[in-house]
Amino acid sequence: MKKRILVIHGPNLNLLGQRETDVYGYATLEAIDSELLREAGELGLELETFQSNHEGALVDRIQEASGKVDFIIFNPAAFTHYSVSLRDALQAVKIPVIEVHLSNIYRREDFRRHSLIAPAALGQICGLGPLGYRLALRAAREYLERDKEADRP
Ligand code: DQA
């Protein structure tokens, strides 16, 4: 059975392409998602994407993923820096997660340097723009492949 990947985008990422283009570039969320869908197909993965501006909706989506999704690629956007409920949701479902940020959050304002999500994630990719999501997808595939091998008797 194909491994299932869920890509979750947090608040204001629906505005990519028009929002602070000096920081986030010109790629739209639609373009990022369709590239990920194409690559997932090539890698033999099933991929679904979800965006919301609402913390509760993101918590609901993470909870729904329990038992149905093998890996989450998550850009929590501003919630990165203050959402205890998103971190708790990730810790509750125990699905492996890679945190992605388009910008380098360590080169910006001080408040962006701290991620409440990072302790609930396997790792973090930031500062590479949309490429970060594609690298996360490849990392997810390798991780899940390794997992499958480890399951073998
Ligand atoms: C972001 C970085 C966050 O600090 C910010 O609030 C965002 C986007 C990024 O992808 O670089 O909305 O997660």
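Numbering of residues starts from 1 in each chain and follows the order in which that chain's sequence is written. Reporting of local features is limited, given that this is a predicted model, to residues whose pLDDT is at least 70; pairs of side-chain atoms are given and counted only at 80 or more, and all residues count toward the totals for whole chains, interfaces and linings. Hydrogens and water are ignored here; the side-chain numbers use all heavy atoms of the structure.

It is worth spelling out the site of the ligand at this point. Here a residue is considered near a molecule or strand provided that any single heavy atom belonging to it is located within 4 Å of it. Near the ligand, the surroundings consist of Arg19, Tyr24, Asn75, Ala77, Ala78, His81, His101, Leu102, Ser103, Ile105, Arg108 and Arg112. We define a polar contact as two N or O atoms separated by no more than 3.5 Å, with the added condition that, inside protein, one atom must be a possible hydrogen donor and the other a possible acceptor, whereas residues neighbouring each other in sequence contribute only through side-chain atom pairs. A distance of 2.8 Å separates an oxygen atom of the ligand from a polar atom in the backbone of Leu102. Here an oxygen atom of the ligand sits 2.9 Å away from a polar atom, N or O, in the side chain of Arg112. Residues are sorted three ways: Asp, Glu, Lys and Arg are charged, Ala, Val, Leu, Ile, Met, Phe, Trp, Tyr, Cys and Pro are nonpolar, and all the rest, Gly among them, are polar. Class assignment of the residues belonging to the shell around the ligand gives a composition of 5 nonpolar, 4 polar and 3 charged.

Here we come to the sheet that holds strand 1 (residues 4–9). Hydrogen bonds along the backbone pair up the strands of a sheet, which may run parallel or antiparallel. Here, any two strands with at least 2 DSSP bridges between them count as paired. The helix and strand labels rest on DSSP assignments: H or I over at least four residues marks a helix, E over at least two residues marks a strand, and numbering proceeds from the N terminus. One open sheet accounts for 5 strands, arranged 2-1-3-4-5; its pairing is parallel. Since the sheet does not close on itself, it has two edges, and those belong to strand 2 (46–51) and strand 5 (123–126), each with one partner. Neighbouring strand axes in the sheet, compared pairwise and without regard to direction, differ in orientation by 20° on average. Relative to strand 5, strand 4 (residues 97–101) runs parallel, the two being bridged by 4 bridges. Within strand 5, the position partnered with Glu99 by the bridge is Gln124. Geometry is summarised by axes, namely lines fitted to C-alpha atoms with helices restricted to the contacting stretch, and by angles between N-to-C directions that run from 0 to 180 degrees.

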